[in-house]
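# Tertiary structure, described
The residues making up each chain are set out below.
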Amino acid sequence: MKLKLIIRLAVILSIVLLCTAFGVYSFFRLSAEEHRQDFDLFTLVPDDVSAVVETDQLDELVRSIDGMKCSQDGVFLYASDLFVLLKDELHALQDEAPHGLSIQMNKMLLSFHKPDDPTNQVLYCAMGRGDYDLMENFIEKSTSAAFPSKYIDYHGEEIRIYPMVDGRFLSVCLTRNFLVASFQKRLIEQVIDTYHSRHSLAYMKSFKSLPIEAKMQAEARLYIRMTGVSMGADSLRKQTDVGDWTVYELKLEEEAIYCSGVCRDADTINQSFIHLLKQQQPTEVPSGVMYPSTTLLYHNYSLTDKRMTWDFLAQYAMLSDTLSALRWKSFVQEYGGEHVQFCLFTDSDSLAHAVAILPLVDRQKANQLLRSLYPPKRGEKVLTLPDGVLFSGLVGLPHEGPLYLDYYNDCLLISNRKESLISYQGFIQRQEVIEGDEKYERMQSSLSSTCRFLMVADMAKMLEQPEPFIRMIPHYFIKNARFFGAFTVAMQLTCADDLAFPNLVLFY
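On to the overall build of the protein chain. For the protein chain, the count of helices and strands is 18 helices and 23 strands. Buried positions account for 51% of the 508 residues belonging to the protein chain. About 25,000 Å² of surface is accessible on the protein chain, with carbon and sulfur atoms providing 54% of the total.

A separate point is the pattern of salt bridges. By the definition in use, this model includes 17 salt bridges. As a salt-bridge pair, Arg221 and Glu54 come within 3.6 Å of each other at their nearest N and O atoms. Taken together, the residues span a long stretch of sequence, with Arg221 in strand S8 (residues 220–225) and Glu54 in strand S1 (residues 51–55) at a distance of 167 residues. By relative accessible area, which is 5% here, Arg221 ends up buried.

What follows concerns the nonpolar core. Generally speaking, nonpolar side chains in soluble globular proteins are found buried as a group. If you look at the biggest cluster of nonpolar residues, it comprises 95 residues, and the most contacted ones within it are Leu179, Trp328, Phe331, Leu344 and Leu412. Residues contacting Leu412, with those up to four places away along its chain left out, are Trp328, Phe331, Ala356, Ile357, Leu358, Leu360, Leu370, Leu405, Asp406 and Tyr407.

So, about a negative patch on the surface. A grouping of Glu435, Asp437, Glu438 and Glu441 is seen on the molecular surface, where their side chains present a negatively charged patch. Mapping Glu438 onto the fold places it in helix H14 (residues 438–445).

What follows concerns unusual backbone geometry. With an omega dihedral of -5°, the bond running from Lys114 to Pro115 counts as a cis peptide bond. Take Pro115: it is sitting in the loop between strand S2 (108–112) and strand S3 (121–126). In this structure, Asp410 is a non-glycine residue whose phi angle is positive, near 60°. With respect to the helices and strands, Asp410 occurs in the loop between strand S18 (403–408) and strand S19 (411–415).

Interhelical geometry of helix H9 (residues 306–313) versus helix H10 (residues 323–335) gives an angle of 145° and a closest axis separation of 10 Å. Contacts between H9 and H10 involve Lys306, Arg307 and Trp310 from the first element and Lys329, Val332 and Gln333 from the second.

Turning next to the packing of aromatic side chains. Taken as a whole, this structure holds 20 aromatic pairs when the rule is applied. When the centroid spacing of 4.4 Å and the interplanar angle of 20° are considered together, the rings of Tyr291 and Tyr298 count as stacked. Overall, Tyr298 belongs to the buried group, its relative accessible area being 5%. When the ring of Phe483 is compared with that of Phe484, the centres are 5.2 Å apart and the planes differ by 85°; the resulting orientation is edge-to-face. Judged on exposure class, the residue Phe483 and its partner Phe484 are both buried. Stacked on the ring of Phe183, the Lys or Arg Arg168 has its end atom at 4.1 Å from the ring centre. Sitting over the ring of Phe427, Arg430 keeps its end group 5.1 Å from the ring centre.

Below, the discussion takes up the state of the cysteines. As enumerated under the stated definition, the model contains zero disulfides in all. Between Cys263, a free cysteine, and Cys495, which holds the nearest cysteine sulfur, the sulfur-to-sulfur gap is 8.0 Å.

As a further point, take the environment of Ser287. Looking at the element boundaries, Ser287 is found in the loop between strand S13 (283–284) and strand S14 (295–302). Taking relative accessible area as the criterion, Ser287 reaches 31% and is therefore assigned partly exposed. In this structure the C-alpha to C-alpha distance between Ser287 and Ile434, which are 147 residues apart in sequence, comes to 9.1 Å. Not counting residues up to four positions away in its chain, the partners in contact with Ser287 are Glu435 and Tyr440. A polar contact of 3.0 Å, which involves the side chain of Ser287, links it to the side chain of Glu435.

Here H10 contains 13 residues, and its C-alpha end-to-end distance of 18 Å stays within 8% of the 18 Å for a straight helix at 1.5 Å per residue. Within the sequence span of H10, burial applies to Ser324, Ala325, Trp328, Phe331, Val332 and Tyr335. When H10 is viewed along its axis, its buried side chains cluster within an angular range of 125° and face the same direction. Facing away from the buried side of H10 by more than 90 degrees, the exposed set consists of Leu323 and Glu334.

On the secondary structure map, His339 appears in strand S15 (residues 339–346). Excluding its chain neighbours within four sequence positions, the residues that come into contact with His339 are Thr283, Pro286, Asn300, Tyr301, Ser302, Leu303, Leu358 and Pro359.

Now for the environment of Gln333. Tracing the chain through its elements places Gln333 in helix H10. Measuring from C-alpha to C-alpha, the distance between Gln333 and Trp310 comes to 9.8 Å, with 23 residues separating the pair along the chain. Beyond its immediate sequence surroundings of up to four residues, Gln333 is in contact with Lys306, Arg307 and Trp310.

Take the pairing of strand S21 (residues 453–458) next. Among the six residues of S21, six are classified as buried, and the element is accordingly described as predominantly covered. In this structure, S21 lies alongside strand S22 (residues 488–496), joined through six bridges in antiparallel fashion. From the neighbouring strand, Met455 faces S22, where its bridge partner is Met491.

In this section: the pairing of S22. Among the nine residues in S22, seven count as buried, and that is most of the element. Bridge count between S22 and strand S23 (residues 499–507): nine bridges; the pairing is antiparallel. Pairing of Gln492 across the sheet is with Asn503, part of S23. Counted along the chain from S22 to the antiparallel partner S23, the turn is two residues long, and its residue Asp497 has a positive phi close to 55°.

All right, on to the packing of H10 against helix H11 (residues 363–373) then. At a minimum axis separation of 11 Å, H10 and H11 run at an interaxial angle of 175°. Accordingly, the angle class assigned to the pair H10 and H11 is roughly antiparallel. In this structure, H10 contributes Arg327, Phe331 and Tyr335 to the contact, and H11 contributes Lys365, Ala366, Leu369, Leu370 and Leu373.

On to the confidence of the model for the protein chain, then. Looking at the protein chain as a whole, its pLDDT mean stands at 81, while 80% of the residues score no less than 70. For the protein chain, per-element mean pLDDT is lowest for helix H1 (residues 3–37), which scores 48, and highest for helix H6 (residues 185–197), which scores 95. Considering only residues more than four positions removed or in separate chains, one finds that residues 20–36, a stretch of pLDDT under 50, has nine contacts.

Reading the values: the criteria
Here the residue index of a chain counts from 1 through its sequence in written order. This being a predicted model, a pLDDT of at least 70 is required before a residue's local features are given, and a value of 80 or more before pairs of side-chain atoms are given or counted; all residues contribute to the totals for chains, interfaces and linings. Hydrogens and waters are ignored; side-chain quantities use all the structure's heavy atoms. Each helix is a run of DSSP H or I of at least 4 residues and each strand a run of E of at least 2, with the numbering of both proceeding from the N terminus. A simple rule labels every residue: compare its accessible area, found with a 1.4 Å probe on the protein chains alone, to the largest value its type can have, and call it buried under 20%, exposed over 50%, or partly exposed in between. The accessible surface values rely on the Shrake-Rupley method and a 1.4 Å probe; as for residues, cover is taken only from the protein chains in view. Salt bridge, as applied in this entry: a Lys or Arg side-chain nitrogen positioned within 4 Å of an Asp or Glu carboxyl oxygen. Among the buried residues, those of types Ala, Val, Leu, Ile, Met, Phe, Trp, Tyr and Cys that are joined through side-chain atoms within 4.5 Å form a nonpolar core. Throughout, a contact is declared for two residues whenever any of their heavy atoms are within 4.5 Å. Each patch is built from residues that are more than 30% exposed by relative accessible area and take part in no salt bridge. Like charges join if they lie within 9 Å; nonpolar side chains (Val, Leu, Ile, Met, Phe, Trp, Tyr) join within 5 Å. Residues scored as charged are limited to Lys and Arg (positive) and Asp and Glu (negative), so that His and the chain ends carry no count. The atom standing in for a charge is NZ when the residue is Lys, CZ when it is Arg, CG when it is Asp and CD when it is Glu. A fitted line through C-alpha atoms represents every axis, and for helices the fit uses only the stretch in contact; the resulting angles, taken between N-to-C directions, go from 0 to 180 degrees. Each pair of aromatic rings taken from Phe, Tyr and Trp, with Trp reduced to its six-membered ring, is defined by centres within 6.5 Å and is described as stacked if the planes are under 30 degrees apart, edge-to-face if over 60, and tilted in the remaining cases. Put simply, a charge is over a ring when the Lys NZ or the Arg CZ is close to the ring centre, within 6 Å, and near the line of the ring normal, within 35 degrees. What counts as a disulfide here is a pair of cysteine sulfur atoms lying within 2.5 Å. Under the rule applied, a polar contact is a pair of N or O atoms within 3.5 Å (in protein, one hydrogen donor and one hydrogen acceptor; residues adjacent in sequence only if both atoms are side-chain atoms). Helix span, as expected, comes to 1.5 Å for every residue beyond the first. Comment: arc refers to directions from the helix axis out to C-beta atoms. Strands are treated as partners if at least two bridges between them are detected by DSSP. Here the word oblique covers every angle except those under 35 degrees (roughly parallel), over 145 (roughly antiparallel) and from 65 to 115 (roughly perpendicular). For every residue, the pLDDT score states the predictor's confidence, bounded by 0 at the bottom and 100 at the top.

This is the structure we're talking about:
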């Protein structure tokens, strides 16, 4: 073979080998980048968390928070010291990255752990190409130089303990794929254990079954475990089983926060509030002419399956089996309408009144039956019902003693005080109602016209009420009263295709 041909073949073979090597190298680099980009942060989250916030648009989320009117007025939800730290340092971090945050670093999770405390949280970020060195340098610059950092090996992963300028210590686990940070070292250790054992939310059946759109449409998502929701103040803590895992898509606007939720209630939780409402039929949202102009809170829920409702209430109220109680239960079963309403309002002396409103299917027969069962005292129109437990179960108020009933506008009015019935009827007769109020109309425009449950509350006024009424509000709202007290809150639940859609709207 001629020397020239040998040289030509050698050159060609070298080029082919070089191209092949470059192709293989590029393939593995691309695979590594795809692996990093597709890294599932939920494989790090322990399955005993109570809530998780997720965003793929961290910078956009922070801009939306800063753009809200409540933020400009200094009203912030200080529910997470970690997020406050990240938010405060984000602009400095962006300055360190001249081309902006990578796609991976814009993806963030924040998990909430029991007991409920601003420090009992973990922050998770995915790492893109070059993010490891960026974050390492940034953390070193942002932490205190007064004390040296500490490095701990935990099951093959490195935990770094950084002193903060405020005296706290930040625990960080930084890898090429993810960053995990917390003010609690034990939580970082739990995350590492979770990652190695695969006992994470990513493998949890009830969490995986959540019907979630593949692409996030909002700035953030909130995943919350709705079992054991605490109601009322600390001295009156009571757990209510609302449902299982629920996911809310959060949309932040200048003067409102919209939380659109969806959940598939677990088959094992057949006594939850959401499971109860899924068995009911949707009813129309009542008009504002039913509520006094001074209403602080009103709610309406479907009562089409009353037997299911009695079974649910039996978990939370000691429903007596006295003859009087059974008669009252039978009366509601036969003559009660398909929904029950409740309103809490104040009079001219700022005294709070609670009234339940039960539409009747046959007022004349119902009137005759009740008057025969519970004859009114001479000269009185109001009837007295000896057992008030059913009322307390329906409206969520603790009550012992008699109830008072009156008929008005084809409805049965029920209260624990005679004065409340008189005051309510006075407002309605004078047409001093919330119908036509600007705030009410704005709220109604954001709600569905039919639902299985609705509650609207003026949080600033509700938080001023005595403890029995405070019990009607989730404990989380009370704990963060400075933030939620600036909003009117509406909660509504609709159902379709075996799914429940609990939606929450906060108007500033």
